[in-house]
Amino acid sequence: MTNDTWVQMRDGLQQRVGRNNFVTWIEPLKLAGVGEGVARFEVPTVFFGDWVSRNFGDHIRLHLAEGGAAVERLEFAVCATPRPAANQPATPAATAAPAPAPVKASKPKPVIEEDLRGAPLDARFTFDSFVVGKPNELAHAAARRVAEGGPVTFNPLFLYGGVGLGKTHLMHAIAHELQMRQPDLRVLYLSAEQFMYRFVQALREREIMGFKELFRSVDVLMVDDVQFIAGKDSTQEEFFHTFNALVDQNKQIVISADRAPGEIKDLEERIKSRLQCGLVVDLHPTDYELRLGILQQKAEYYHQQYKGLMLADGVLEFLAHRITTNVRVLEGALTRLFAFASLVGREINLDLTQDCLADILRASDRKVTIEEIQRKVAEHYNIRLSDMIGPKRLRTIARPRQVAMYLSKQLTPRSLPEIGRRFGGRDHTTIMHGVRKIEELMATDSQLNDDLQLLRRLLQA
Ligand SMILES: Nc1ncnc2c1ncn2[C@@H]1O[C@H](COP(=O)(O)OP(=O)(O)OP(=O)(O)O)[C@@H](O)[C@H]1O
């Protein structure tokens, strides 16, 4: 099979992997040869080959088999010379397997302001609009300190917490404040996904030195949702080097994630430990007072927008009491309420609130179920859901099962016999034993406490 044949047949892969993946990862592949059960491809970089092998290897093999060229393995070698364009015919020499060659290093391009443009900052996410309460006061104070731009005291600042609790808001607020105080400061804010995207693009365009140069030239690097790079080996590797280089230069780094560094699965140990070196702060779930404060602030803003609209006493208190999920939902509820009331020209009172927000209120009433608990716990401890209710007594399965029993008792109104029935028809005394065991262990086992805290947060999000 030649590269020509491959080029003709590869189009069918588009359906399997999607248009974007096809253009990015499949089109640049050049078939160097097939023989002895191996299909050999030329790729621009080692990373490229790894990525294709891990993410699309099975698709490619299947596709080759369907096209009558079944192979057992795929091999990827870095091509020594620039490839011809994918749709050009291959030269005869190119059908032989090329010797792997080192990735060509590109000369760094000078860093220009344009390159430093990260993700856009939301103008509304400032310290002024951030309402401080007990659950977020430490995170707010730490963010303020970083935003003052003085000597770097903790590096990195690591902010974490559940969905919609204000991590992004605080990061944008830091960036706004720094840029206001020191307009010349090079502040780069981007999501971990964008970091990966830029990295992959730099690899593809052989601009990796430029990429390194750019990320090492910033004064403050802010990476949102860092959990995204977990399990993405090459991106983690590059992130690790960037991180070290900046810390060595005493440049400030701010990171956010949906959980603490130690709890991010598939994140390399050395990265976890670096992330824990600075200040790790938790944005706790909101309490009633904080929710009310946020609602009052947003209501004031809407009063200016919808002049003349009346808001009856007790509505904000009712919402703060009933919508306990995340701030985004709370904000959405208020936005809808004001928009609806202005359309129908009525006062916002409790009746209108209940009519207009019936779905959100119902969803907030949602109770955690035993099945959800079993699923989340099984996922967390990486065991099969069937083992959760099955008979196996291995410690690695029995302990997560007891955790699920404990959480079922804590988070649902179900009785012990009812819980027993959902755990494969176990007796209520077994459930009681499981619950007690976890309570005992909680007194000494900090890892277990962390697990429980995380699981609770995930289940109640
Ligand atoms: N303390 C607060 N004061 C005012 N607004 C807040 C507060 N906390 C959150 N918000 C608002 O809630 C919304 C969600 O916040 P944000 O996007 O910062 O959450 P997040 O923690 O980054 O969530 P995700 O995990 O989904 O990325 C934003 O509109 C933000 O302004």
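Conventions we followed
- Residues numbered from 1 in each chain as written.
- Predicted model: local features only at pLDDT ≥ 70, side-chain atom pairs only at ≥ 80, totals over all residues.
- UniProt positions renumbered as here; feature names shortened; annotations may be inferred.
- Helix = DSSP H or I, 4+ residues; strand = E, 2+ residues; numbered from the N terminus.
- Buried ≥ 20, exposed ≤ 12 C-beta atoms within 10 Å, placed from the backbone.
- Near = placed C-beta within 6 Å.
- Nonpolar A, V, L, I, M, F, W, Y, C, P; charged D, E, K, R; others polar.
- Domains from an automatic or database assignment.
- Pairing = 2+ DSSP bridges.
- Axes fitted to C-alpha atoms, helices over the stretch in contact; angles between N-to-C directions.
- Expected span 1.5 Å × (residues − 1).
- Arc of directions from axis to C-beta.
- Contact = placed C-beta atoms within 7 Å.
- Right-handed = clockwise from strand over helix to strand, strands pointing away.
- Core = buried A, V, L, I, M, F, W, Y, C linked by C-beta atoms within 7 Å.

- For the protein chain, an unreviewed UniProt entry supplies the name Chromosomal replication initiator protein DnaA and the organism Cereibacter changlensis JA139.
- Regarding the protein chain, the relevant UniProt record gives this comment under Subcellular location (unreviewed entry): "Cytoplasm".
- Note on the protein chain: under the UniProt heading Sequence similarities (unreviewed entry), the record states "Belongs to the DnaA family."

## As for the overall build of the protein chain
- When you go through the protein chain residue by residue, the secondary structure sums to 21 helices and 8 strands.
- The buried share among the 461 residues of the protein chain stands at 33%.

## Some remarks on the site of the ligand
- Surveying the vicinity of the ligand reveals 18 residues, the closest of which are Gly166, Lys167, Thr168, His169 and Val327.
- For the shell around the ligand, the secondary structure elements donating two or more residues are helix H6 (167-181) and helix H13 (327-344).
- Classifying every residue of the shell around the ligand gives 7 nonpolar, 7 polar and 4 charged.
- Split by domain, the shell around the ligand shows at least three residues from each of two domains, domain 2 (113-283) and domain 3 (288-364).

## Some thoughts on the sheet that holds strand S3 (residues 73-78)
- Taken together, 3 strands build an open sheet; the order of strands is S1-S2-S3 and the sheet is mixed. Every other strand in the sheet has two partners, leaving strand S1 (30-35) and S3 as the edge strands with one partner each. Sheet twist, expressed as the average angle between the axes of neighbouring strands with direction ignored, equals 25 degrees.
- Across 5 bridges, the pairing between S1 and strand S2 (residues 38-43) is antiparallel. Of the residues in S2, the one forming a bridge with Gly33 is Arg40.

## A closer look at H13
- Given a rise of 1.5 Å per residue, 18 residues ought to cover 26 Å, and the 26 Å separating the end C-alpha atoms of H13 matches this to within 8%.
- Buried within H13 are the following residues: Val327, Leu330, Ala333, Leu334, Leu337, Phe338 and Ala341. One side of H13 holds all its buried residues, which, seen down the axis, span an arc of 125 degrees. Seen from the buried face of H13, the exposed residues on the opposite side, beyond 90 degrees, are Arg328, Thr335, Leu343 and Val344.
- Downstream of H13 by one or two residues, Gly345 has phi in the positive range, about 65 degrees.

## Remarks on the sheet that holds strand S4 (residues 157-161)
- Here we have 5 strands laid out as an open sheet, ordered S5-S6-S7-S4-S8, and parallel in their pairing. Every interior strand has two partners, whereas the edge strands, strand S5 (187-191) and strand S8 (279-283), have only one. Within this sheet the neighbouring strands show an average axis-to-axis angle of 15 degrees, counted without direction.
- This element, helix H5 (residues 137-148), spans S4, strand S7 (252-257) and S8 of the sheet and lies at about 135 degrees to S8.

## With respect to the pairing of strand S6 (residues 220-224)
- Summarising burial for S6: 5 of the 5 residues are buried, a large majority.
- The two faces of S6 match: Val220, Met222 and Asp224 on one face and Leu221 and Val223 on the other face are all buried.
- The pairing of S5 with S6 spans 5 bridges and is classified as parallel. Its bridge partner being in S6, Leu188 is matched across the sheet by Leu221.
- Pairing between S6 and S7: 4 bridges, direction parallel. Paired with Val223 across the two strands is Ile255, which belongs to S7.
- On the question of chirality, the crossover connecting S6 to the parallel S7 by way of helix H9 (residues 233-248) is right-handed.

## With respect to the nonpolar core
- By size, the foremost hydrophobic cluster in this structure holds 86 residues, and its most contacted members are Ile174, Leu221 and Met222.
- Not counting chain neighbours up to four residues away, the residues in contact with Met222 comprise Met171, Ile174, Ala175, Leu188, Tyr189 and Val254.
- Counting residues in hydrophobic clusters, the runner-up holds 16 residues, among them Ala404, Ile431, Val435 and Ile438.

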